[in-house]
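Chain by chain, the residues run as shown.
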Amino acid sequence: MRPTDIRVPDYFHKVVDCQWACPAHTPVPEYIRLIAAGRYADAYMVNWKSNVFPGVLGRTCDRPCEPACRRGRVEENNGDKPEPVAICRLKRVAADNKGDVAARMPKRGAPNGRRVACIGAGPASLTVARDLAPLGYHVVVFDGEAKAGGFIRQQIPRFRLPESVIDEETGYILDLGVEFRAGERIDSLKALLAQGYDAIFVGCGAPRGRDLDLPGRAEAAANIHIGIDWLASVSFGHIDAIGRRVIVLGGGNTAMDCCRSARRLGGTDVKVLVRSGFDEMKASPWEKEDAQHEGIPILDYHVPKAFVHEDGRLVAMRFERVRAERDAKGRRQLVPTGEPDVVVECDDVLIAVGQENAFPWIERDAGLAFDEWNMPVVDKTTMQSSLPHVFFGGDAAFGPKNIIWAVAHGHDAAVSIDKLLNGEDVSERPPPTVNVLSQKMGIHEWSYDNEVSPEDRHKVPWAASETTLASIKVEVELGFDPATAWKETQRCLNCDVQTVFTDKVCIECDACVDICPMDCISFTANGEESQLRQHLTAPALNLTQDLYVSGELKTGRVMVKDEDVCLHCGLCAERCPTGAWDMHKYLIDLTQAGPSCRGKSARKEAA
Amino acid sequence: MTYVAKPKLHHPTLPQNSLCYTRRDYEGKISTLCAGCGHDSISAAIIQACWELAVEPHRIAKLSGIGCSSKTPDYFLGQSHGFNTVHGRMPSVLTGANLANRDLLYLGVSGDGDSASIGIGQFVHAIRRGVNMVYIVENNGVYGLTKGQFSATADQGSTSKRGVVNADSPIDMVGLALQLGATYVGRSFSGDKQQLVPLIKGAIAHRGAAFLDVISPCVAFNNHAGSTKSYEYVRAHNDAVNRLDVIPTREEIAVDYGEGELVEVEQHDGSVLRLRKLDAGYDPRDRIAAMNIVQQRQAQGEVVTGLLYVDAESEDLHAHLSTDARPFNTLGARELSPGAAVLDKINASLR
């Protein structure tokens, strides 16, 4: 193998699994260290810069970071159950304890004369507004509702996310001089185009819930509701009751929100019925857990067949039992078991079987290209549509995802808009900024806490179920108290503090090999990667994790480090007599809209 | 040394031996030696050897004297018995312990100061008597704890870190051991675990006095140009006479070796030392020839390593003294102290 080029920012970025997995690339270990130090406001601002809604995301994020977390891998075969660091809930600790951060927020920029319209006031649009307003853009956000937040405000139940948090975090953005046109739903792209905005961002979400066209649907319509619409009505207080027996159809997070909301609005017998197997459900494992904790059974392998009604009233639903089988090509298929159909009695049904995008308000002759699925053509990197100054983001771009993806799209679109309106090529993306700093303070002292906590993941306390089930507005999760939060921060392995190897000064004394608790380091003859991976101190079988290979050493061998389960404890560097190993913090920040995202000349001008 | 303890977490695929122990279970406390010390590599090699042989930790007694090397038993085999003796007196304490309980595996760990200077008288007699033990000298040619004076094994003409030339001639521990009748003699280098681990395993399986001279660079005081015990010097002058594999029982040889390339020595416990010759003229079963070749090569400035001598027919101190086959702790009070009448009988037989 060729020596690893650690100057390529992606190499060490990938080692920070959580940050690499986060669509907005939030520097997770950095803010966890700040929380450990009790610097909650600083931790909040690190988050705010990357993901814009730390308080919201600290309660509701899909947490792509946690399955990626190295802690989950290193705990394998080292105890009962390997678990990642509770990254998401630590984020909430920063938000809960930050105090007043208003003074830390950016100010609205001196007007630059450019106008940008954002359609929808959800997380994607608000991110665009947050990134562009401080640069002097006049951002106008249109939304059909009275308050900003979009999906965050409409579909996430209050027992998961109090409204005060939404008000606060949308407020920080609107306070940047963003013009919010509440109650103005855009119903014609052509009309908006005619208003001469310099750029338009479409962040209107995926507002249509899928329906199920089964026998009885029309007859029993009064007691059949589309999940996301029903959740919105609950959020706005239009609906405050539901029947005693409720069936929720679907296996995603919306289904989980529906069943738990129903449980709080009078549904004493709420069931979730899902086509797939329990493990294949789309809902996050913790959301399924939360629902089950509230006494809601989840019945899998039930395919809805019909709504049963009597005298124009819904009385039950009929389901077919299926099981999963693999066909000749190895694809999973659901085949009927042949058992008699199951009839489940009910008073109401909530359909949460997915969402789809709908753009009835975009005229097909507006100049925007649509693909074969009748979706606008959008570039995955620049978020640009076929109309150069029209951009998409969030669920509107590529179908339903989640808040953190919407934020990531918003950042990308803001960079594109900023470049476009400065006459630059939007396809040239800016590299991230990387700040490298040795952590060495003394012979055995580091400016990060390198001791590895042996503790298991800590549980977030819940409010008593008598109070939470009694009202839809009582938040279920209480968040970590500072003492527990500190303990949880210590489980973080500081993966951004990188082991950096300098081959020229290595004397091959083996001290690092002997001390490494995870057998990550080997000195060996070089070879092909596939062959090397088998012959290291411990086999490197996780192909998603890179090998760090040095240049040739004095004995003709090379140093090979498997990044997979490195604890970043720094013991290799402590035991190294020549400083060939050192611990360097690589703080990687994605470049956002502004002079630094533009070409070299613009950056020089700004400096 | 380090301030944090080595984390208990281990690699998810870390294998277990037949006792269901991982290698990590044979570790001790975290080392307090200087970073890069060769002794730490020797500790790691001992850990590896004991794990591979699936030695029960409570069957091992590790004994040492005073010095950097003699501190190391704290850093391996944390579940085993240990004894830190007065400077240079490890061999007699080990001999006594061995006489009292012949069932344990005795691991004497010492340094060039402990064994070649203050304790040389003890060393020679333990070897001479054939005490059943593994005697490892972690040899760095320098007094590290007192900041870098030459030790008795420093080569004549080598220089100290400050440039002083050593005028005294060195004590050759391997030569001494061969001459005094050690029945398993090897030399190795802390920076070559592939060689060192099998040598330790062979020594553990050996009955009688097994001696290993392990060159172990002192990074703080003896790793400079002019030293003959530095990483660089030993790598440049390492003349390995053979490569050893220790196999539990004699088995088919899977690899084809040419005529005279392979020597197999079966030990008393049935284990086989399989030696791949790197030096065609070398036969480790011939003590006189071994002494000659080692001396010749050393005169040429080479550091001869490998299994230098082994006597498959070896016996130990217990055989020499015809002691009881059972350790003292399994004997009853009557057997240990048979009374005045028996004593009178013995005395009468000697009159």
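In this text the structure is predicted, and so the values were computed from the model without any measurement. (Residues numbered from 1 in each chain as written. Chains lettered and ligands numbered in written order. Predicted model: local features only at pLDDT ≥ 70, side-chain atom pairs only at ≥ 80, totals over all residues.)

Draft legend 1. Region of interest: the overall build of chain B. Along chain B, the regular secondary structure elements total twelve helices and 13 strands. A compact globule built from 351 residues would reach a C-alpha radius of gyration of about 20 Å, and chain B, at 21 Å, matches this within 12%. Structurally, chain B occupies a C-alpha span of about 70 × 55 × 50 Å along its principal axes. Across the 351 residues in chain B, those meeting the buried criterion constitute 47%. Restricting the contact set of chain B to residue pairs at least 6 apart, pairs at least 24 apart contribute 72%. (Helix = DSSP H or I, 4+ residues; strand = E, 2+ residues; numbered from the N terminus. Rg over C-alpha atoms; globule rule 2.2 N^0.38 Å. Buried ≥ 20, exposed ≤ 12 C-beta atoms within 10 Å, placed from the backbone. Contact = placed C-beta atoms within 7 Å.)

Draft legend 2. Spotlight on the overall build of chain A. A count of helices and strands for chain A gives 23 helices and 24 strands. The globule rule puts the C-alpha radius of gyration for 607 residues at 25 Å, and the 26 Å found for chain A is close to it. Dimensions along the principal axes, computed over C-alpha positions, put chain A at roughly 90 × 65 × 50 Å. The proportion of buried residues among the 607 residues of chain A is 48%.

Draft legend 3. Region of the structure containing unusual backbone geometry. All names here are of chain A. We note that Tyr 301 has phi near 55 degrees; this positive angle belongs to a residue other than glycine. Structurally, Tyr 301 is set in the loop between β9 (298-299) and β10 (302-310). Backbone geometry places Glu 508, a non-glycine residue, at a positive phi of 55 degrees. Note that Glu 508 resides in the loop between β20 (497-501) and α20 (511-515). Given 19 C-beta atoms within 10 Å, Glu 508 falls into the partly exposed group.

Draft legend 4. Here's a closer look at the packing of helix α4 (residues 40-51) of chain A against helix α8 (residues 87-97) of chain A. Residue and element names in this part refer to chain A. Where α4 contacts α8, the axes come no closer than 8 Å and their chain directions differ by 120 degrees. For the element pair α4 / α8, the angle class is oblique. In this structure, α4 meets α8 at a crossing whose hand is left-handed. On the side of α4, the interface is formed by Tyr 40, Ala 43, Tyr 44 and Asn 47, while α8 contributes Lys 91, Val 93, Ala 94, Ala 95 and Asn 97. For the contact of α4 with α8, a count of residues per class yields six nonpolar, two polar and one charged. (Axes fitted to C-alpha atoms, helices over the stretch in contact; angles between N-to-C directions. Parallel < 35°, antiparallel > 145°, perpendicular 65-115°, else oblique. Left-handed = near helix turned anticlockwise from the far one by under 90°. Nonpolar A, V, L, I, M, F, W, Y, C, P; charged D, E, K, R; others polar.)

Draft legend 5. A look at the sheet that holds strand β1 (residues 115-119) of chain A. Residue and element names in this part refer to chain A. With parallel pairing, five strands are arranged side by side in an open sheet as β3-β2-β1-β4-β16. Two strands bound the open sheet, and with one partner strand each, they are β3 (179-182) and β16 (390-392). Strand-to-strand twist across the sheet, computed as the mean angle between neighbouring axes with direction ignored, equals 20 degrees. In this sheet, β16 lies alongside strand β4 (residues 199-202) in parallel orientation, the contact comprising three bridges. Paired with Ile 200 across the bridge in β16 is Val 390. Here helix α9 (residues 123-132) sits on the sheet in contact with β1, β2 (138-143) and β4, set at roughly 160 degrees to β1. (Pairing = 2+ DSSP bridges.)

Draft legend 6. Expanded view of the pairing of strand β8 (residues 269-273) of chain A. Residues and elements named next belong to chain A. Here β8 lies mainly inside the structure; four of its five residues are buried. Of the pairings in the sheet, the one linking strand β7 (residues 245-249) to β8 comprises five bridges and is parallel in character. Note that in β8 the partner of Ile 247 across the bridge is Lys 271. In this view, the connection linking β7 to its parallel neighbour β8 by way of helix α14 (residues 253-264) has right-handed handedness. Relative to β9, β8 is paired through two bridges, and the arrangement is parallel. What sits directly across from Val 272, in β9, is Ile 298. (Right-handed = clockwise from strand over helix to strand, strands pointing away.)

Draft legend 7. The domain arrangement of chain A, seen in detail. Residue and element names in this part refer to chain A. The domains assigned to chain A are domain 1 (105-207 + 357-420) and domain 2 (209-356). Relative to domain 2, the C-alpha centre of domain 1 lies at a distance of 31 Å. Residue-level contacts link eleven residues of domain 1 with twelve residues of domain 2. Its residues assigned to classes, the side of domain 1 that touches domain 2 comprises six nonpolar, three polar and two charged. (Domains from an automatic or database assignment.)

Draft legend 8. The nonpolar core, seen in detail. Grouped together as the largest cluster of nonpolar side chains are 216 residues, with contacts concentrated most on Cys 118 and Leu 132 of chain A together with Ile 200 of chain B. Counting residues per element, this core draws most heavily on helix α17 (residues 403-420) of chain A, which supplies ten residues. Apart from the residues lying within four places of it in its own chain, the contact partners of Ile 200 of chain B are Ala 45, Ile 46, Ala 49, Val 134 and Leu 212 of chain B. Core analysis: the second largest hydrophobic core is formed by 37 residues, Ile 242, Val 248, Ala 283 and Ala 352 of chain A among them. (Core = buried A, V, L, I, M, F, W, Y, C linked by C-beta atoms within 7 Å.)

Draft legend 9. Layout of the environment of Asn 112 of chain A. Residue and element names in this part refer to chain A. Structurally, Asn 112 can be placed in the loop between α8 and β1. In this structure the C-alpha to C-alpha distance between Asn 112 and His 138, which are 26 residues apart in sequence, comes to 7.9 Å. Residues within four places of Asn 112 in sequence aside, it is in contact with Leu 135, Gly 136 and Tyr 137.

Draft legend 10. Focus on the UniProt feature "domain: Thiamine pyrophosphate enzyme TPP-binding" (unreviewed entry) in chain B. Summarizing the sequence annotation, UniProt attributes the feature "domain: Thiamine pyrophosphate enzyme TPP-binding" (unreviewed entry) to residues 66-214 of chain B in the numbering used throughout. Across residues 66-214 of chain B, helical content stands at 34% and strand content at 23%; the span's end C-alpha atoms are separated by 17 Å. (UniProt positions renumbered as here; feature names shortened; annotations may be inferred.)

Draft legend 11. Representation of helix α15 (residues 285-293) of chain A. All names here are of chain A. Turning to α15, its buried residues are Glu 287, Lys 288, Asp 290 and Ala 291. Taken end-on, α15 shows its buried residues confined to a sector of 160 degrees, consistent with a single buried face. When the buried face of α15 is taken as reference, the exposed residues oriented beyond 90 degrees from it are Pro 285 and Glu 289. In this structure, the buried side of α15 is in contact with α14, β8 and β9. Following α15 by one or two positions, Gly 295 adopts a phi angle in the positive range, close to 80 degrees. (Arc of directions from axis to C-beta.)

Draft legend 12. Broad picture of α8 of chain A. Residues and elements named next belong to chain A. By the criterion of burial, α8 is predominantly enclosed, with ten of the eleven residues buried. Among all positions in α8, only Ile 87, Cys 88, Arg 89, Leu 90, Lys 91, Arg 92, Val 93, Ala 94, Ala 95 and Asp 96 are buried. The inward-facing, buried residues of α8 contact α2 (17-21), α3 (28-36), α4, α5 (54-60), α6 (65-68) and α19 (482-489). The positive-phi residue at the C-terminal boundary of α8 is Gly 99, with phi of around 75 degrees.

Draft legend 13. Molecular detail of the sheet that holds β20 of chain A. Residue and element names in this part refer to chain A. Taken in spatial order, the three strands of this open sheet run β17-β24-β20, and their pairing is antiparallel. Of all strands in the sheet, those bounded by a partner on one side alone are β17 (433-438) and β20. Averaged over all neighbouring strand pairs, the angle between strand axes comes to 35 degrees, with direction disregarded.

Draft legend 14. How the structure looks around the confidence of the model for chain B. Scored by pLDDT, chain B comes out at a mean of 93, with 96% of its residues at no less than 70. Two numbers describe this predicted complex: its pTM, 0.90, and its ipTM, 0.91. (pLDDT = per-residue confidence, 0-100.)

Draft legend 15. Seen up close, the environment of Leu 553 of chain A. Residues and elements named next belong to chain A. By secondary structure assignment, the location of Leu 553 is in the loop between β22 (547-549) and β23 (558-562). You can call Leu 553 partly exposed: it has 16 C-beta atoms within 10 Å. Once the C-alpha coordinates of Leu 553 and Ala 221 are considered, the two residues, 332 residues apart in sequence, prove to be 75 Å apart. Once residues within four sequence positions are removed from consideration, Leu 553 is found in contact with Asp 503, Cys 506, Glu 508, Val 558 and Met 559.

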